[in-house]
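Tertiary structure, described
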Amino acid sequence: MKFFDFEVESRSGRARAGRLMTPHGTIQTPIFMPVGTAGSVKGLTSQHLEEIGAQIILANTYHMHVRPGEELVKELGGLHGFTGFRRPFLTDSGGYQVMSLAALRKRSEESVVFRSHLDGARLELSPESSIGIQMKLGADIIMAFDECPPYPATREEVHDATERTARWAERSKRAHTREDQWLFGIVQGGVHDDLREQSARAITGIGFPGYAIGGLSVGEPKEDMVRILDVMDRHLPGDRPRYLMGVGTPEDLLDGIARGVDMFDCVLPTRNARNGQVFTWRGKMSLRNAKFARDASPLDPGCGCPTCRVASRAYLRHLHMSNEMTGAVLSTLHNLFFYLDLVGKARKSIVAGRFETFREETLRGFCA
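To start, this report covers the structure provided alongside it. On a predicted model such as this, the values are computed, not experimentally measured, just so you know.

Here's the deal with the packing of helix H10 (residues 250-258) against helix H15 (residues 355-367)
Where H10 meets H15, the axes come as close as 11 Å, and the angle between the chain directions of the two elements is 165°. The angle between H10 and H15 falls in the class roughly antiparallel. Along this stretch, H10 crosses H15, giving a crossing that reads as left-handed. In this structure, H10 contributes Pro250, Glu251, Leu254, Asp255, Ile257 and Ala258 to the contact, and H15 contributes Phe355, Phe358, Arg359, Thr362, Leu363 and Phe366. Its residues assigned to classes, the contact of H10 with H15 comprises 8 nonpolar, 1 polar and 3 charged.

Description of the packing of aromatic side chains
The full count for this structure, using the stated rule, is 13 aromatic pairs. Ring centres of Phe4 and Trp182 lie 4.8 Å apart, and the angle between their planes is 10°; this geometry places the pair in the stacked category. Taken together, the positions of Phe4 in the segment before strand E1 (5-12) and Trp182 in strand E11 (residues 182-187) put the pair 178 residues apart, joining distant regions of the chain. Neither residue differs from the other here; Phe4 and Trp182 are each classed as buried.

As for the pattern of salt bridges
This structure, assessed with the given rule, holds 32 salt bridges. With its nearest N and O atoms 3.6 Å apart, the salt bridge here joins Arg122 to Glu124. Residue classification places Arg122 among the exposed residues on the basis of a relative accessible area of 59%. Taking the shortest distance from any N to any O, the salt bridge between Asp224 and Arg227 comes out at 2.7 Å. Residue Asp224 and its partner Arg227 are both found in helix H9 (residues 222-235); the two are separated by 3 residues, about one turn of the helix. Arg227 gets classed as partly exposed once you look at its relative accessible area, which sits at 29%. Among the charged side chains, a salt-bridge network with shared partners connects Arg14, Lys222, Asp230, Asp233, Arg242, Asp252, Asp255, Arg259, Glu356 and Arg359.

Structural notes on the sheet that holds E1
With antiparallel pairing, 3 strands are arranged side by side in an open sheet as E1-E2-E3. Of all the strands in the sheet, the pair left with one neighbour each is E1 and strand E3 (25-29). Adjacent strand axes in the sheet meet at a mean angle of 15°, parallel and antiparallel pairs treated alike. As paired elements, strand E2 (residues 15-22) and E3 share 5 bridges and run antiparallel to each other. From the neighbouring strand, Arg19 faces E3, where its bridge partner is Gln28.

Rules behind the numbers
- Residues numbered from 1 in each chain as written.
- Predicted model: local features only at pLDDT ≥ 70, side-chain atom pairs only at ≥ 80, totals over all residues.
- Heavy atoms only, no water.
- Axes fitted to C-alpha atoms, helices over the stretch in contact; angles between N-to-C directions.
- Helix = DSSP H or I, 4+ residues; strand = E, 2+ residues; numbered from the N terminus.
- Parallel < 35°, antiparallel > 145°, perpendicular 65-115°, else oblique.
- Left-handed = near helix turned anticlockwise from the far one by under 90°.
- Contact = heavy atoms within 4.5 Å.
- Nonpolar A, V, L, I, M, F, W, Y, C, P; charged D, E, K, R; others polar.
- Phe/Tyr/Trp six-rings, centres within 6.5 Å; stacked < 30°, edge-to-face > 60°.
- Buried < 20%, exposed > 50% of the residue type's maximum accessible area, 1.4 Å probe, protein only.
- Salt bridge = Lys/Arg side-chain N within 4 Å of Asp/Glu carboxyl O.
- Pairing = 2+ DSSP bridges.

Structural data, given as structure tokens:
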């Protein structure tokens, strides 16, 4: 039985429009994946996600392991049965937490031992246990366990993390036994071109059905990120899906698509929505600004999201100023719809052979 397939259907320059088939549905790429760290996109139900056209969401292996635990999730039907979201899931490996929770962990060649951020309990992640957790969670796409070096870091630190990531990728692949999941390898290397090339050779040499670009959007200058994406475009297989992890702004998505990236995730649209900042085709908007107090217009007149159909800027400002949770929900719906609409329109422009024109026009609109 064939569970997966990936095909690049159209190109416009280096931008790609593709089709990724999974056991829980076919994903049209390029695609943005809303982040549901604990199996839930904050403030939204599965019905909300389906209404705005979310094709796939991401859950966090470390956090799902800490609470409620992968055994419970498996018992209740995996992520799809447990959450009620029946479309594809992707899980990360916990590798990002090796960096973000550095104060709470000790790393060795064998594994990483954490003190739980909740209660200080000891927990251990290794390539084998990370893959075991992800197999029980049952996501369609899972990630090899890696080490994401921080920025800034010395070249030696990045070199060590890059080589360890390759060794852990080999162990991750050996540990993975589910045929109804795709395991992606992750390329590291920081902002060093040669280390990125070395990592790409090592990870592609192991062989995975898809490849992720890790270790970006961790504080490095924008020009370094763009340069590394150019390096990755030259050194990753052209017939496999490419996933840029944790990136980013609408402009970053367009930069990535222009350099052959197919998949994105980031907490930015949901986190900013909770803080009253929304994205529109004419740039960002802070709803707490007093000038919106009597503004009866929708967030974005050209937007077809559920929020813009019913709520004014004045009402949304009132909700945020009153700390009403409805404001966060409505703003999150809008921001995620905007991100999904952005990649959807980018896809159409690729199919039409005019992506670069679409990109330039969109960036000019953001500056307005």
